[in-house]
Structures are given as C-alpha cells and as structure tokens.
Amino acid sequence: MKRTLAFSVFCLFTSAAAFGASIPWWEQPTVCKLDPTDCYPTMGAGYDSELWDNDTGCWGMKMICPEALTTSEDMPIAMSRNDISKGTNINKDFDTSILNGDCFGVRKTSDNGAMASVNGEYVRVWCNGILDNVDEYLENGEITYGAQPTCEDLAKYGYVATVNNKCYGKYYDMAKYYIECNGKDILPSRIIVLNGADYSNTSGNSPSDASAASKLFDSMESISESQRKIYFKND
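As the structure is a prediction and not an experimental result, all values here were calculated from the model.

### What about the overall build of the chain?
Here is step 1 of the chain: From N to C terminus, the chain includes four helices and 14 strands.
Here is step 2 of the chain: Within the chain, buried positions represent 30% of all 235 residues.
Here is step 3 of the chain: Within the chain, residue pairs in contact and separated by at least 24 positions form 35% of the contacts whose partners lie at least 6 positions apart.
Here is step 4 of the chain: As displayed, the chain has an accessible area near 15,500 Å², and 51% of this comes from carbon and sulfur atoms.

Structure, rendered in structure tokens:
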C-alpha cells in the first residue's frame, strides 16, 4: 500500500523575487514537507505503518482491540498516539500497551493473574469449571462481571475461595471435609476434618448429617476450652 495524504498543504510566498526565480519551487525554503519520522521505533503486529498520524505528524498508528474500546466495534481500530495517551474511548479495565494477537489491549490483572479488573475494581479469576455464569475466559481462568459467588455457592461443590496456583478455587473432598460458611462472607468460617465419618450411618451416637456434626464439634470445642482453663492456668 502506498502512503497517501488525507489533507492538503498550503504555503504562502511573499514574492518570487524574494526567493530567487532561478530556484526550483520544490527547493524553496517555505515548501512544507512531510516528516518521514515513524511514530514508533518498530512496527510489526498490531500496527499499521502506512497510516499518517495527523495529531503528532508521523507515520504509523496502533490498532486497538475492539474489546478494549468503549465504542461498539467488531474490528481493531487505528488510534493516534494522542488519543491513546488521553484514553479516548478506551476501556479503563484494559492495558493498551500489551499486544493481543494482531491488536493492542488486554484486560488488566494483578496478583500474578489471579485478579482481573472489572468496572474499575479487581475481582477474583476463578479456576476453570467453578463459575455457573462465566462472562469472560482469561489466560488463568474465568471471570464474571456480576455478583461474585458466595461461600455457600462454592461449598456446594467442595470449593473454597482461596488461591489455587494462578486462580481462585481450592477443592476439598466433601467426603473428608465439611466447609462451614458464616453469612455472606466469601471465605468459610472454618473447615472441619471429618476423619472418615459417614453421616449416612445414623446408628449409635454418630451425627445424622453435616449440621449435626457441626453442633457436635462446637460442643467438643467448648468442653475442651473449659478443661483447658481448669488445668492450664496462667501463672
């Protein structure tokens, strides 16, 4: 593609005698010439080197990914350096300095990719397969734009909202652990080791279900604390 100009250049001459009638017009000192400077040191994937940046007067424009823009776009859009630096029509959750295939713009992350920016705030990136309502897939897992899962939502499937490598969602075998949640807190109040107890067997003094086991555990903890106060008094 040959470089083309989308504008006309006008130059003002005071008189032909002032510049010398014998000097060709293209060598006159008042002739406006295009700056051949490139806008970026190197331009490969993610750039269009044939476009003229009117704002800064140089060749080359960045292609911004459609998902990184606040406008509804289906294809990458060429943007000037001034517009990019001012954040014009750029989604604040995206970093336009990072190449994403053939355009620039990836969702901002932190904590080694375990948190992602959504509407200006960082939310957990959940390990694959945990969320019921996935809005976007990232390199390390999944995110939702809406309400985050609660402790109870996760506990139903044996998960706890703690970091598991580069995403959230540590699994606890429900046959070996009981995850106890407290209100709407995303983290459990405690995780009880069942020690092989089978709650389907109601014979004898065995707890009939997980709730009964939790009550029994509370009672054992209370008795243990009272005994500790009796036999381990502070000097």
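On we go from here.
### Notes on a negative patch on the surface
Here is step 1 of the chain: Side chains of Asp 132, Glu 152, Asp 153 and Asp 185 sit close together on the surface and give a patch of like negative charge.
Here is step 2 of the chain: Considering the arrangement of structural elements, one finds Asp 153 in helix α3 (residues 151-155).
Here is step 3 of the chain: The exposure class of Asp 153 is partly exposed, given its relative accessible area of 33%.

### What to know about the packing of aromatic side chains
Here is step 1 of the chain: This structure, assessed with the given rule, holds six aromatic pairs.
Here is step 2 of the chain: Taken together, a centroid distance of 6.2 Å and an interplanar angle of 65° make the contact between Trp 126 and Tyr 168 edge-to-face. Pair noted here: Trp 126 is in the loop between β8 (121-124) and β9 (136-137) and Tyr 168 is in strand β12 (residues 167-171), with a separation of 42 residues, a long-range link.
Here is step 3 of the chain: Given the relative accessible area of 0%, Trp 126 is considered buried.
Here is step 4 of the chain: Under the relative-accessibility criterion, Tyr 168 is labelled buried at 11%.
Here is step 5 of the chain: A connected cluster of aromatic rings, assembled from ring pairs, spans Tyr 40, Tyr 47 and Phe 104.
Here is step 6 of the chain: Lying over the aromatic face of Phe 104, Lys 62 brings its terminal NZ or CZ to 4.5 Å of the ring centre.

### Some remarks on the state of the cysteines
Here is step 1 of the chain: Summed over all chains, the structure comprises four disulfides.
Here is step 2 of the chain: A disulfide bridge connects Cys 39 with Cys 58, and the sulfur atoms are separated by 2.0 Å. Disulfide Cys 39-Cys 58: torsion about the S-S bond near 105°, hence right-handed. Placement of the pair is Cys 39 in the loop between α1 (16-19) and β1 (47-53) and Cys 58 in strand β2 (residues 58-64), with a sequence separation of 19 residues.

### Thoughts on the confidence of the model for the chain
Here is step 1 of the chain: Per-residue confidence for the chain gives a mean pLDDT of 82; residues scoring 70 or more make up 75%.
Here is step 2 of the chain: Confidence drops under a pLDDT of 50 for residues 1-20, and excluding neighbours within four residues, the segment shows 28 contacts in the predicted structure.

### Overview of the pattern of salt bridges
Here is step 1 of the chain: In the structure shown here, the tally under the stated rule is two salt bridges.
Here is step 2 of the chain: For Glu 180, the salt bridge identified is with Arg 190, shortest N-O distance 2.6 Å. Taken together, the positions of Glu 180 in strand β13 (residues 177-180) and Arg 190 in strand β14 (residues 190-193) put the pair 10 residues apart, joining distant regions of the chain.
Here is step 3 of the chain: For Arg 190, a relative accessible area of 19% puts it in the buried group.

### As for unusual backbone geometry
Here is step 1 of the chain: Unlike most non-glycine residues, Asp 111 shows phi in positive territory, near 55°.
Here is step 2 of the chain: Note on Asp 111: relative accessible area 54%, which makes it exposed.
Here is step 3 of the chain: Its identity as a non-glycine residue notwithstanding, Asn 165 has a phi of 70°, on the positive side.
Here is step 4 of the chain: The topology assignment puts Asn 165 in the loop between β11 (159-164) and β12.

### Digging into the side chain of Asp 53
Here is step 1 of the chain: Within the secondary structure, Asp 53 sits in strand β1.
Here is step 2 of the chain: One polar contact links the side chain of Asp 53 to the main-chain amide nitrogen of Asp 55, over a distance of 3.1 Å.
Here is step 3 of the chain: One polar contact links Asp 53 to Thr 56, side chain to side chain, over a distance of 3.1 Å.
Here is step 4 of the chain: Discounting residues that sit within four places of it in the chain, Asp 53 has contacts with Cys 39, Cys 58, Gly 60, Met 61, Ser 80 and Arg 81.

Procedures and definitions
- Once a new chain begins, its residue numbering starts again from 1 and follows that chain's sequence as written.
- Residues qualify for local features only when their pLDDT is at least 70, as the model is predicted, and side-chain atom pairs are given and counted only at 80 or more; totals for whole chains, interfaces and linings, by contrast, use all residues.
- To get the side-chain values, all heavy atoms of the structure are used, and hydrogens and water are removed first.
- Counting from the N terminus, the helices are the DSSP runs of H or I reaching at least four residues and the strands are the DSSP runs of E reaching at least two.
- Partly exposed describes any residue whose relative accessible area lies between the buried limit of under 20% and the exposed limit of over 50%, with all areas from a 1.4 Å probe on protein chains only and scaled to the type maximum.
- The criterion used for residue contact is that any of the two residues' heavy atoms lie within 4.5 Å.
- Residue-level accessible areas treat just the shown protein chains as cover; the underlying method is Shrake-Rupley with a 1.4 Å probe.
- Patch definition: residues with relative accessible area over 30% and no salt bridge; like charges joined within 9 Å; nonpolar side chains (Val, Leu, Ile, Met, Phe, Trp, Tyr) joined within 5 Å.
- The rule for a salt bridge is simple: a side-chain nitrogen of Lys or Arg has to be within 4 Å of a carboxyl oxygen of Asp or Glu.
- Only four residue types enter the tally: Lys and Arg on the positive side, Asp and Glu on the negative side; His and the chain ends are excluded.
- Here the site of a charge means atom NZ of a Lys, CZ of an Arg, CG of an Asp or CD of a Glu.
- Pairing of aromatic rings covers Phe, Tyr and Trp, the last through its six-membered ring, and needs centres within 6.5 Å; plane angles under 30 degrees mean stacked, over 60 mean edge-to-face, and all others mean tilted.
- By the criterion adopted, a ring carries a charge over it if an Arg CZ or a Lys NZ lies within 6 Å of its centre and within 35 degrees of its normal.
- Any two cysteine sulfur atoms lying within 2.5 Å of each other are counted as a disulfide.
- A residue's pLDDT is simply how confident the predictor is in it, with values from 0 to 100.
- As used in this structure description, the phrase polar contact means that two N or O atoms lie within 3.5 Å; if the pair is within protein, one of them must be able to donate a hydrogen and the other to accept it, and residues adjacent in sequence are counted only when both atoms belong to side chains.

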